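What the coordinates show
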Amino acid sequence: MLKVSEVVLDFGGIRALDTVGFTVGDGEICGLIGPNGAGKTSLFNCITRIYQPDSGSITFDGTDLLGLRRHQVVRHGIARTFQNLALWPKLTVLENTVLGAHSLATPRLVPSAVAWPSTRAARKRVDLRAWELLERLDLLDLASHPAAGLPFGTLKRVELARALISEPSLLLLDEPAGGLTHAEVDELAAVVQGLQAELGFSVLLVEHHMGMVMSMSDHVVAMDFGRTIADGTPDEVKRDPAVVAAYLGTAA
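Residues numbered from 1 in each chain as written. Predicted model: local features only at pLDDT ≥ 70, side-chain atom pairs only at ≥ 80, totals over all residues. Heavy atoms only, no water.

**Notes on the sheet that holds strand β7 (residues 170-174)**
- Spatial strand order, β6-β7-β8-β3-β9-β10: 6 strands in an open sheet with mixed pairing. The sheet is open, and its two borders are formed by β6 (78-80) and β10 (227-232), each paired with just one other strand. Adjacent strand axes in the sheet meet at a mean angle of 20°, parallel and antiparallel pairs treated alike.
- Direction of pairing for β7 relative to strand β8 (residues 202-206): parallel, over a ladder of 5 bridges. Paired with L172 across the strands is L204, a residue of β8. (Pairing = 2+ DSSP bridges. Helix = DSSP H or I, 4+ residues; strand = E, 2+ residues; numbered from the N terminus. Axes fitted to C-alpha atoms, helices over the stretch in contact; angles between N-to-C directions.)

Now the structure itself:
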């Protein structure tokens, strides 16, 4: 569904992405790994139109993503979480979740003001979907609680709920295990795999927790210094000499 081809991104004299290319298939979990500074989040930001690559192409289900505006990306079936949490702290868990559905149906001003039946029905569908996701992610008891003050692991699940309510075909997860305990990592991996199997969306997973990546992924892409250095099954990639050198150094 996702095809990244020869993508180049420069920041002044720094080349963040250097002819990066790979694909993510329909219903597949693809792990994207690499040391800090390898260009993983920069690539995410190109896919979601936060950054504009200098050259190359990114297509999703036949659509040229680089021809879209930022707000149009989610309407084409792509949702993401962020490496640094991007929730509204004063809004409740339910309200933060519902915000992720803005792309599904944004009522016009007049129908919203007079509460036309179509508008009420659309909001009811969104609310129902939100409650279903909160139940699935074990967040029901916190639905009315502001995001501020909640444990970090809980906030990660709120971000996941907000991304999933848009009913994506492709979910981009940017270091979802960062800051979590080992038990929380295992729990999150099981939840994502369960939802992915049930709903059938594809996943592009950026993560430093190698146990999580290798256990979840159908295939893994490794990057270093902005370039793709390996692409294959988890077993193939973790044994690739270029990947070992990137993580441990040639001497090691």
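Read on, since the account is not over.
**Examining the sheet that holds strand β2 (residues 14-24)**
- Strand order across the open sheet formed by 4 strands is β2-β1-β4-β5, with antiparallel pairing between neighbours. Two strands lie at the open edges of the sheet, namely β2 and β5 (63-64), each paired on one side alone.
- In the packing of helix α1 (residues 40-47) onto the sheet, contacts are made with β1 (2-11), β2 and β4 (55-60), and the angle to β2 comes to roughly 70°. (Contact = heavy atoms within 4.5 Å.)

**Points about the pairing of strand β3 (residues 29-33)**
- Of all 5 residues making up β3, 5 are buried, and the element is well covered by its neighbours.
- The pairing of β3 with β8 spans 4 bridges and is classified as parallel. For I29, the partnering residue across the bridge sits in β8 and is V203.
- Where β3 and strand β9 (residues 219-224) come together, 4 bridges link them in parallel fashion. Bridging from a neighbouring strand, G31 pairs with V220 of β9. (Buried < 20%, exposed > 50% of the residue type's maximum accessible area, 1.4 Å probe, protein only.)

**A short note on the domain arrangement of the chain**
- Taken domain by domain, the chain consists of domain 1 (1-77 + 168-252) and domain 2 (91-106 + 114-167).
- Taking only C-alpha atoms, the centre of domain 1 and the centre of domain 2 are 26 Å apart.
- On the side of domain 2, 13 residues touch domain 1, which itself brings 20 residues to the contact.
- Among the residues of domain 1 in contact with domain 2, V74, P168 and L195 are the three that bury the most area, contributing 35% of the side total.
- Where domain 1 meets domain 2, there are 1 salt bridge.
- Notably, a salt bridge pairs R136 with E198, separated by 2.2 Å at the nearest N-O pair.
- The tally of links from domain 1 across to domain 2 stands at 2 residue pairs in polar contact (both at pLDDT 80 or more).
- Secondary-structure elements contributing two or more residues to the side of domain 1 that touches domain 2 are β7 and α7 (182-199).
- The dominant element in the side of domain 1 that touches domain 2, judged by the number of residues it contributes, is α7, at 8 residues.
- Here the side of domain 1 that touches domain 2 is built from residues that sort into 12 nonpolar, 4 polar and 4 charged. (Domains from an automatic or database assignment. Buried area = accessible area lost by both parts, 1.4 Å probe. Salt bridge = Lys/Arg side-chain N within 4 Å of Asp/Glu carboxyl O. Polar contact = N/O pair within 3.5 Å; in protein donor to acceptor, adjacent residues only side chain to side chain. Nonpolar A, V, L, I, M, F, W, Y, C, P; charged D, E, K, R; others polar.)

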